[in-house]
Amino acid sequence: MTNCPSCHDPVSPAEAFCENCGLNLRDAAQPPAPAADFEPPAAAGPVCAHCGAGQVAADGFCEACGMAQPSPRDHVELSLAGAAGVSDRGVRHHRNEDSFALAATSLPDGKPAVVAVVCDGVSSAARPDEASQTAADAAVEALLATLERGEQPEAAMRGAIGSAAAAVAALAEAGPVPPPGHNAPACTVVSAVAAAGVVTVGWVGDSRAYWIPDDRADAEPYRLTEDDSWAAGMVAAGLMAEAEAYADARAHAITGWLGADAEEVVPHTVAFTPHVPGVLVICTDGLWNYAEAATDLADLVRVDARTDPLRAARAMVSFAVSAGGHDNITVAVLPVQPDPAAGWSETVLDLPVLAPPVTGAAPPAVPPMPSFPPASRSEQG
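Residues numbered from 1 in each chain as written. Predicted model: local features only at pLDDT ≥ 70, side-chain atom pairs only at ≥ 80, totals over all residues. Heavy atoms only, no water.

A few points about the overall build of the chain
- Along the backbone of the chain there are eight helices and 15 strands.
- Expressed as a percentage of its 381 residues, the buried residues of the chain come to 45%.
- Contacts in the chain between residues far apart in sequence, at least 24 positions, make up 66% of those at least 6 positions apart.
- Of the roughly 18,300 Å² of accessible surface on the chain, 56% is carried by carbon and sulfur atoms. (Helix = DSSP H or I, 4+ residues; strand = E, 2+ residues; numbered from the N terminus. Buried < 20%, exposed > 50% of the residue type's maximum accessible area, 1.4 Å probe, protein only. Contact = heavy atoms within 4.5 Å. Areas by Shrake-Rupley, 256 points an atom, 1.4 Å probe, with all protein chains shown as cover.)

See the structure below:
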């Protein structure tokens, strides 16, 4: 026996109604429905993406499990007609200090142009993630403006990198004083314009550009950029072999970058007219550290990269993550189809050339470290 919830008279479990007050006992056994305007109590904070607890603090860490919450910049993908890019935080870094930008426009004659910019923040500098984002945005905006006015791509490229350098340098005045051991915000840059079958690349630092033809049996992949780095300087000066230089612990110390403490920003440019279809790959060292040679990188580029650049960029980023993901990884892929009316011309290089050592002078047993501020010690983001 039980009691009626209304009048408390004894009722049998088999009874449907209370004989004393007539209450429908079966309806009474169901919990009342919530009011139409009922809202469950809100969680104490944002829900943790890892453990589900609503205890994410203002600093982005969950107070229940201690895990950092994902940032929108941890993994970024962008695709448009004629280009695609992917950026990933990698495995070891706590944030993504790389950034990239893509855009498409038309030249005054109506021909389409695609612009890509990839930047890598210098981790030993303050706010490297902000520096890379600022540089990428400033460079792509300047490139679009000058190309649409009819300026030649190489001149537009130099001007755009100059605009990016000025924007990054301004961050030192606008933000807080860098913490001890950190220089002003700084980053590297590599940018590209593909228009009318001509590819133009500009860069400062050690982010790179590679040309990868569709048909790798008859056309050879090659690297278009020369690093502003300690290792590249040693090789160019004839003091070390390339393999030896890049195996040195000082290899990735950069000698050119964008930032307030850069003594002089001298953009390098290269322009060429491919005679076969292919893709231009621009990337940070988070990728090329695992595939430095052009032929090695070409092995990572999907055969359908020109028709599906986003899938190709994803595959290269996935490779770098699987290989260890020690750094942030950013890759942009620009498909290029030769312009039949343009013909073919030899590649024109505008690269820095260091003076050779004095004849008869013996190279030092241990190559000296170039004199540059701590921001040039490139633990890239």
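There is more to say, and it comes next.
Description of the pattern of salt bridges
- Tallied over the entire structure, the rule returns 13 salt bridges.
- One salt bridge connects E97 with R95, and the closest N-O pair in it is separated by 2.9 Å.
- Judged by relative accessible area, which is 4%, E97 ranks as buried.
- Taking relative accessible area as the criterion, R95 reaches 29% and is therefore assigned partly exposed. (Salt bridge = Lys/Arg side-chain N within 4 Å of Asp/Glu carboxyl O.)

So, the side chain of T225
- Mapped onto the elements, T225 comes out in the loop between strand 10 (222-223) and helix 4 (230-236).
- Residue T225 is classed as buried on the basis of its relative accessible area, which comes to 2%.
- Of note is the side chain of T225, whose polar atom sits 3.2 Å from the backbone nitrogen of A209. (Polar contact = N/O pair within 3.5 Å; in protein donor to acceptor, adjacent residues only side chain to side chain.)

Observations concerning the nonpolar core
- If you look at the biggest cluster of nonpolar residues, it comprises 31 residues, and the most contacted ones within it are V115, V117, L143 and L258.
- Of all the secondary-structure elements, those providing two or more residues to this core are strand 5 (98-106), strand 6 (112-121), helix 2 (128-148), helix 3 (153-174) and strand 7 (186-195).
- The greatest single-element share of this core, amounting to ten residues, is contributed by helix 2.
- Apart from residues no more than four positions distant in its own chain, V117 is found in contact with S99, F100, A101, A136, A139, V140, L143, V189, V190, S191 and I282. (Core = buried A, V, L, I, M, F, W, Y, C linked by side-chain atoms within 4.5 Å.)

Quick word on the pairing of strand 13 (residues 278-283)
- Judged by how many residues are buried, strand 13 sits mostly within the fold: six of six residues are covered.
- Of the two faces of strand 13, the one lined by G278, L280 and I282 and the one lined by V279, V281 and C283 are each fully buried.
- Here strand 9 (residues 208-213) runs beside strand 13; their pairing, made up of six bridges, is antiparallel. Within strand 13, the residue paired with Y210 across the bridge is V281.
- As paired strands, strand 13 and strand 14 (residues 329-336) are joined by six bridges and run antiparallel to one another. Among the inter-strand pairings, L280 is bridged to a residue of strand 14, identified as L334. (Pairing = 2+ DSSP bridges.)

Observations concerning the side chain of S87
- With respect to the element layout, S87 can be found in strand 4 (residues 83-88).
- In terms of polar contacts, S87 uses its side chain to reach the side chain of N96, at 2.9 Å.
- When residues no more than four places from it in sequence are discounted, the contact partners of S87 are D74, H75, V76, N96, D98, F100, I329 and T330.

So, the packing of helix 2 against helix 3
- Interaxial distance between helix 2 and helix 3 falls to 8 Å at its minimum, and their mutual angle equals 145°. Crossing geometry of helix 2 relative to helix 3 is assigned as right-handed. Of the residues in helix 3, those in contact with E130, A131, T134, A135, A138, A139, A142, L143, T146 and L147 of helix 2 are P153, A156, M157, A160, S163, A164, A167, V168 and L171. (Axes fitted to C-alpha atoms, helices over the stretch in contact; angles between N-to-C directions. Left-handed = near helix turned anticlockwise from the far one by under 90°.)

Some remarks on the sheet that holds strand 4
- Pairing in this open sheet of six strands is antiparallel, and the strands run 3-4-14-13-9-10 from one edge to the other. Two strands bound the open sheet, and with one partner strand each, they are strand 3 (75-80) and strand 10.
- Pairing between strand 9 and strand 10: two bridges, direction antiparallel. Residue pairing across strands places Y210 opposite R223, the latter belonging to strand 10.

Structural notes on the packing of aromatic side chains
- Evaluation of the coordinates by the stated rule reveals four aromatic pairs.
- Relative to W288, the ring of Y246 lies with its centre 6.4 Å away and its plane at 85°, an arrangement referred to as edge-to-face. Residue Y246 is found in helix 5 (residues 242-247), and its partner W288 is found in helix 6 (residues 285-288); the two are separated by 42 residues along the sequence.
- Since its relative accessible area comes to 2%, W288 is described here as buried.
- Three or more aromatic residues joined by ring pairs form one cluster here, namely W211, Y222 and F272.
- Here R208 stacks its cationic end above the ring of W288, 3.4 Å away from the centre of that ring. (Phe/Tyr/Trp six-rings, centres within 6.5 Å; stacked < 30°, edge-to-face > 60°. Lys NZ or Arg CZ within 6 Å of the ring centre and 35° of its normal.)

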